[in-house]
Amino acid sequence: MKQALLDPNTKDAEKVSVATESNAGNDTSLPSAPRGKRKRISTGTRLAQLAVFSRQLFVLTSCGTPLVEAMNALQRQTSNDTWRQVLAEVTEEVERGTSLSAAMAPHPDCFDSVTCTLIAAGEAAGNLEVMLDRLASVTQQRMTMRRSIMGSLTYPILLLSVASIAMVILLLFVIPRFSTMFESLNAPIPPSTQAIIGLSTFLRAYWWGAIPAAIGVVTGIVVLLRRPAGQRFIDRTQMRTPKISGIARSFVTARIVRLLGVLIDARVPLIDALVLTRTAMKNSLYVKMLQDAEDQVTQGEPLSRAFNDPMLISPSVYEALRSGEQGGQLGTLLLNMSDFLDEDNKTTARSLATILEPLILILLGLMIGFVAVSMFLPLFDLTAMAKGS
């Protein structure tokens with residue numbers, strides 16, 4: 001039967017039609033969890049759960065286990081309550097004769113449109129196990145890359161947090177002692193020292209308002225940046241900043257190439273593959289590029305023409321895409337290219353910490369050094385005056 005998957009991530013609620021088949025099971029499923037309001041699953045948790053789910057379901061179904069029985073087994077093994085409830089609802093729908101992809105579609109927070117489409121393509125072609133294996137590989141690769149980036153940023157973030165706490169302690173407890181000493185000695189105070197003492201006095205007098213104000217400012221900035229205009233500003237700045245633009249382009253391009261390769265290799269129509277890839281993107285510049293690609297492909301233009309943008313797509317990826325179109329091996333070539341890009345990105349992720357740590361240490365050294373020199377300058381002036389007299 002034909003099923004229309006409604007994509008919740010697009011404003012126009014564009015529908016992508018994919019072929020699916022019904023899968024029914026005769027085994028008795030576990031009692032379904034209550035369908036109350038579920039807790040929202042974070043991106044990291046969703047990726048981890050989806051990777052484990054698709055890999056385990058692939059192993060079970062490839063061994064001949066009926067789908068409902070395999071789903072029940074996965075439901076029993078799941079430790080996450082929210083994910084267990086979702087699996088219970090999906091299993092219940094499959095038992096009623098609904099296809100697995102159709103049962104997953106009402107849970108976009110756990111199974112995105114790409115996941116549902118791959119499952120539907122596997123059901124239609126009769127190779128669900130193959131599609132589960134591909135889905136597990138795609139999800140595992142994305143999760144590995146996410147963990148690599150977060151691991152590279154953990155130490156720099158820790159350094160910044162410790163430095164911020166140290167600066168607050170200096171301003172609130174250490175610098176006031178210097179200020180009292182300078183007043184008792186009637187020493188001349190340089191402008192830099194006056195600025196630090198003034199900041200310390202302000203924080204000590206109005207800490208009750210400074211903390212909520214800082215939280216409000218940070219919250220306001222985050223809210224503004226999450227709006228479409230703010231997101232576009234971040235995307236443009238990111239792609240125009242030296243060094244950072246190359247890293248961002250490499251990571252986003254690898255995700256686009258892998259998704260397109262998996263979808264095209266799964267015999268998903270090119271237009272549908274572009275739509276699904278676009279919905280998986282967060283960078284507005286790449287969303288616009290994929291929209292243009294959809295329009296050009298619809299008009300009969302080659303896909304590679306829309307990807308001929310050196311600011312967003314590296315020339316090597318464009319040439320590989322053009323060669324794949326000419327040779328009729330677009331899906332296979334995209335998958336091979338994505339493997340190469342992912343290996344390159346792993347090296348980049350590992351080197352992020354190596355690049356950021358010295359920069360942050362230099363910045364922290366300058367901050368602490370500025371405070372220390374500003375506090376000791378009046379003492380140096382007093383020493384010089386005492387020697388002169």
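Reading guide: rules and limits
- For every chain, the first residue of the written sequence is number 1, and numbering continues from 1 onward in sequence order.
- Where totals are concerned, whole chains, interfaces and linings use all residues; where local detail is concerned, this predicted model gives features only for residues with pLDDT of at least 70, and gives and counts side-chain atom pairs only at 80 or more.
- The basis for every side-chain value is the complete set of heavy atoms in the structure, and neither hydrogens nor water enter the calculation.
- Numbering of helices and strands starts at the N terminus; helices are DSSP runs of H or I of at least 4 residues and strands are runs of E of at least 2.
- The criterion used for residue contact is that any of the two residues' heavy atoms lie within 4.5 Å.
- A fitted line through C-alpha atoms represents every axis, and for helices the fit uses only the stretch in contact; the resulting angles, taken between N-to-C directions, go from 0 to 180 degrees.
- When an angle is under 35 degrees it counts as roughly parallel; over 145 it counts as roughly antiparallel; between 65 and 115 it counts as roughly perpendicular; any other value is oblique.
- Side-chain classes are defined by residue name, with Ala, Val, Leu, Ile, Met, Phe, Trp, Tyr, Cys and Pro counting as nonpolar, Asp, Glu, Lys and Arg as charged, and the others, Gly among them, as polar.
- Residues belong to one nonpolar core when they are buried, are Ala, Val, Leu, Ile, Met, Phe, Trp, Tyr or Cys, and are joined through side-chain atoms within 4.5 Å.
- For every residue, the accessible area (1.4 Å probe, protein chains only) is compared with the maximum for its type, and the residue is labelled buried under 20%, exposed over 50%, or partly exposed between those bounds.
- Only one rule defines a salt bridge in this text: a Lys or Arg side-chain nitrogen within 4 Å of an Asp or Glu carboxyl oxygen.
- For every residue, the pLDDT score states the predictor's confidence, bounded by 0 at the bottom and 100 at the top.
- Computed over the protein atoms alone on a 1 Å grid, cavities are sets of points where a 1.4 Å probe fits but cannot get out and pockets are open sets with protein on both sides within 12 Å along at least five of seven lines; a residue lines them when it has an atom within 4 Å of a point.
- Grid points are joined across faces, edges and corners, and a volume is the space filled by probe spheres set on the points.
- Pairing of aromatic rings covers Phe, Tyr and the six-membered ring of Trp, with a centre-to-centre limit of 6.5 Å; geometry is then stacked below 30 degrees between planes, edge-to-face above 60, and tilted otherwise.
- Helix span, as expected, comes to 1.5 Å for every residue beyond the first.
- The arc refers to the directions leading from the helix axis to the C-beta atoms.
- Should the near helix be turned anticlockwise from the far one by less than a right angle, the crossing is termed left-handed; should it be turned clockwise, right-handed.

Caption draft 1: Expanded view of the overall build of the chain. For the chain, the count of helices and strands is 14 helices and two strands. Of all intrachain contacts in the chain linking residues separated by at least 6 positions in sequence, the fraction that spans at least 24 positions is 67%.

Caption draft 2: Examining the packing of helix α8 (residues 228-240) against helix α9 (residues 244-265) more closely. Packing of α8 against α9 brings their axes to within 6 Å, and their N-to-C directions diverge by 110°. One way to sum up the angle between α8 and α9 is to call them roughly perpendicular. Within the contact between the two elements, α8 uses Gln238, Met239 and Arg240 and α9 uses Ile244, Ser245, Ala248 and Arg249. Across the contact of α8 with α9, the residue classes break down as three nonpolar, two polar and two charged.

Caption draft 3: Examining the nonpolar core more closely. In this structure, Phe53, Leu57, Val90, Leu100, Phe111, Ile256 and Phe307 are the most contacted members of the largest nonpolar core, which totals 65 residues. Here the element with the most residues in this core is α9; it accounts for ten residues. In terms of nonpolar packing, the next biggest core, distinct from the first, is built from nine residues, Met167, Ile175, Phe182 and Val371 among them.

Caption draft 4: Geometry of the pattern of salt bridges. What the rule picks out here adds up to twelve salt bridges. With its nearest N and O atoms 4.0 Å apart, the salt bridge here joins arginine 46 to aspartate 112. Taken together, the positions of arginine 46 in helix α1 (residues 43-62) and aspartate 112 in the loop between α4 (100-104) and α5 (113-125) put the pair 66 residues apart, joining distant regions of the chain. Taking the relative accessible area as the measure of exposure, arginine 46 reaches 11% and is therefore buried. A salt bridge links glutamate 93 to arginine 96; the shortest N-O distance between them is 3.2 Å. Since its relative accessible area comes to 22%, glutamate 93 is described here as partly exposed.

Caption draft 5: How the structure looks around helix α2 (residues 67-77). With eight of eleven residues buried, α2 lies mostly within the body of the structure. Those residues of α2 that sit buried are Leu67, Val68, Ala70, Met71, Asn72, Ala73, Leu74 and Gln75. Turning to α2, the residues buried within the fold contact α1, α3 (81-95) and α4.

Caption draft 6: Structural view of the environment of glycine 198. Structurally, the position occupied by glycine 198 is in helix α7 (residues 191-226). Given a relative accessible area of 35%, glycine 198 falls into the partly exposed group. Spatially, the C-alpha atoms of glycine 198 and leucine 171 are 9.7 Å apart, while their sequence positions differ by 27 residues.

Caption draft 7: The arrangement of unusual backbone geometry in detail. Although it is not a glycine, arginine 267 adopts a positive phi angle of roughly 70°. For arginine 267, a relative accessible area of 69% gives the class exposed.

Caption draft 8: Layout of the confidence of the model for the chain. Across the chain, pLDDT averages 78, with 87% of residues at or above 70. Here residues 1-36 is a poorly scored stretch, pLDDT under 50, and it has 90 contacts once near neighbours within four places are set aside; other chains count.

Caption draft 9: Examining empty space enclosed by the protein more closely. Enumeration over the complete set of coordinates arrives at one cavity of 30 Å³ or more. Approximately 100 Å³ is the volume found for the largest cavity. In terms of lining residues, the largest cavity is bounded by Arg46, Leu47, Leu50, Asp112, Val114, Thr115, Leu135, Val138, Thr139, Arg142, Arg255 and Leu259. For the lining of the largest cavity, the elements supplying multiple residues, two or more each, are α1, α5, α6 (128-185) and α9. Broken down by element, the lining of the largest cavity gets its largest block of residues, four residues, from α6. Along the lines of polarity and charge, the residues of the lining of the largest cavity split into six nonpolar, two polar and four charged.

Caption draft 10: Main features of the packing of aromatic side chains. Taken as a whole and assessed by the stated rule, the structure comprises six aromatic pairs. Taking 5.3 Å as the distance between ring centres and 40° as the angle between the ring planes, the aromatic pair formed by phenylalanine 202 and tyrosine 206 counts as tilted. Linking phenylalanine 202 with tyrosine 206, this pair stays in helix α7, spanning four residues, or about one helical turn. Look at tyrosine 206 and you get partly exposed, because its relative accessible area is 43%. Every member of this aromatic cluster is reached through a ring pair, and the members are Phe53, Trp83 and Phe111.

Caption draft 11: Spatial organisation of helix α13 (residues 315-327). When the terminal C-alpha atoms of α13 are compared, their 18 Å separation across 13 residues agrees well with the 18 Å that a helix rising 1.5 Å per residue should span. Of all the positions in α13, only Val317, Tyr318, Ala320, Leu321 and Gly324 are classed as buried. Buried residues of α13, seen end-on, are gathered within an arc of 165° and therefore sit on one face of the element. For α13, the exposed residues set more than 90 degrees away from the buried face come down to Pro315, Gln326 and Gly327. Positive phi shows up at glycine 328, right after α13, with a value of about 70°.

Caption draft 12: Representation of the packing of α5 against α6 in the model. Contact geometry of α5 with α6 gives a least axis separation of 7 Å together with a crossing angle of 155°. As far as their axial angle goes, α6 and α5 are roughly antiparallel. The handedness of the crossing between α5 and α6 comes out as right-handed. Contacts between α5 and α6 involve Thr115, Leu118, Ile119, Ala121, Gly122 and Glu123 on the former and, on the latter, Leu128, Met131, Leu132 and Leu135.

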